[in-house]
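A look at the structure
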Amino acid sequence: RLLGGEIMVSSGHDPAARPLVVHAGPGRVVPIGTRFLVRAPDASAPGQVVVLEGQVELGVAGREGTLRLPAGQAARYAADGISAPEPGSENAASWTQGVLVVERMRLDDFLVELGRYRPGVLRCDPAVGAILVSGAFPVARTDAVLDMLEETLPVRRRSLGPYWTTIAAR
C-alpha cells in the first residue's frame, strides 16, 4: 500500500505464484514481470502508473475492468476511472538517480514537482506559472535549484521563514 509519494517497483516471476499488488489510493496495480513507477494520487493530481519494462494491469476500486499497459506507456487514475494510455516520459524514473529532468514543463507544475523534495510550502504566483522550464535539476539541492531559476528566469524568490517560499515575477 503506497500512502503517498512515488515508488519504482521491479518484479519477476514468483515460483510460488504469489501475486504482487500495489494499492495507491483507489488504484490497484498488478505487475506482469516488470519494472514500473506508481505515483499515489494527492490533492493536486490523480495517481499515475508508468511502465518501464514488461506490462501491468491497472484497475480502480469499485470499477469494472482493468487496463493493460505495456512498456513505454503510462496512465493516470482516480476514483472515477482510468485515463486513456499515453506515451510514458523517458525521464519518468530520473528521480531514482537524484535528478528531476523536465522538458518544457510549466513553472507552476515544475514547482509542484520540486516541492515534493523539500520541507514546507513552495508556491508559484499565477503571473509566472506559464513560463516553461527545461533541464536536469538535483532534488537534494532544492535551494540551489531555486537560485538557478532566479538567475535564468524573470522570477524572484520570496520566503517567509524557512518553510514558506513563493516564486513570483521580478
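Right, let's walk through the structure included here.

Procedures and definitions
Residues numbered from 1 in each chain as written. Predicted model: local features only at pLDDT ≥ 70, side-chain atom pairs only at ≥ 80, totals over all residues. Heavy atoms only, no water. Helix = DSSP H or I, 4+ residues; strand = E, 2+ residues; numbered from the N terminus. Buried < 20%, exposed > 50% of the residue type's maximum accessible area, 1.4 Å probe, protein only. Areas by Shrake-Rupley, 256 points an atom, 1.4 Å probe, with all protein chains shown as cover. Lys, Arg positive; Asp, Glu negative; His and termini not counted. Charge placed at Lys NZ, Arg CZ, Asp CG, Glu CD. Contact = heavy atoms within 4.5 Å. Phe/Tyr/Trp six-rings, centres within 6.5 Å; stacked < 30°, edge-to-face > 60°. Arc of directions from axis to C-beta. Pairing = 2+ DSSP bridges. Axes fitted to C-alpha atoms, helices over the stretch in contact; angles between N-to-C directions.

1. Some remarks on the overall build of the protein chain
For the protein chain, the helix and strand inventory stands at two helices and 13 strands. Projecting the C-alpha coordinates of the protein chain onto the three principal axes gives extents of approximately 60 × 30 × 25 Å. Out of the 170 residues in the protein chain, the part that is buried amounts to 34%. Roughly 9500 Å² of accessible area belongs to the protein chain as shown, and the carbon and sulfur atoms make up 52% of that amount. Computing the positive centroid from 18 side-chain charges and the negative centroid from 18, the protein chain places the two 3 Å apart.

2. Quick notes on the side chain of Thr 166
Checked against the element boundaries, Thr 166 lands in strand E13 (residues 164-169). With sequence-adjacent residues up to four places away left out, Thr 166 is seen in contact with Arg 123, Asp 125, Arg 156, Arg 157 and Arg 158.

3. So, the packing of aromatic side chains
Here a ring pair, both rings aromatic, is described through the centre-centre distance and the interplanar angle of the planes. In total, this model carries one aromatic pair according to the counting rule given. Taking the centre distance of 4.8 Å and the plane angle of 55° together, the rings of Phe 110 and Phe 137 count as tilted. You can see Phe 110 sitting in helix H1 (residues 107-115) and its partner Phe 137 sitting in strand E11 (residues 132-138), a full 27 residues away along the chain. Summarising the burial analysis for this pair, Phe 110 and Phe 137 share the class buried.

4. Quick word on H1
For H1, every residue scored as buried is listed here: Leu 107, Phe 110, Leu 111, Glu 113 and Leu 114. Burial along H1 is one-sided: seen end-on, the buried residues are contained in an arc of 160°.

5. Notes on the sheet that holds strand E10 (residues 121-124)
Strand order in this open sheet of three strands is E10-E13-E12, and the pairing throughout is mixed. The sheet is open, and its two borders are formed by E10 and strand E12 (155-159), each paired with just one other strand. In this sheet, neighbouring strand axes are inclined to one another by 20° on average, regardless of whether the strands run parallel or antiparallel. The pairing of E12 with E13 spans five bridges and is classified as antiparallel.

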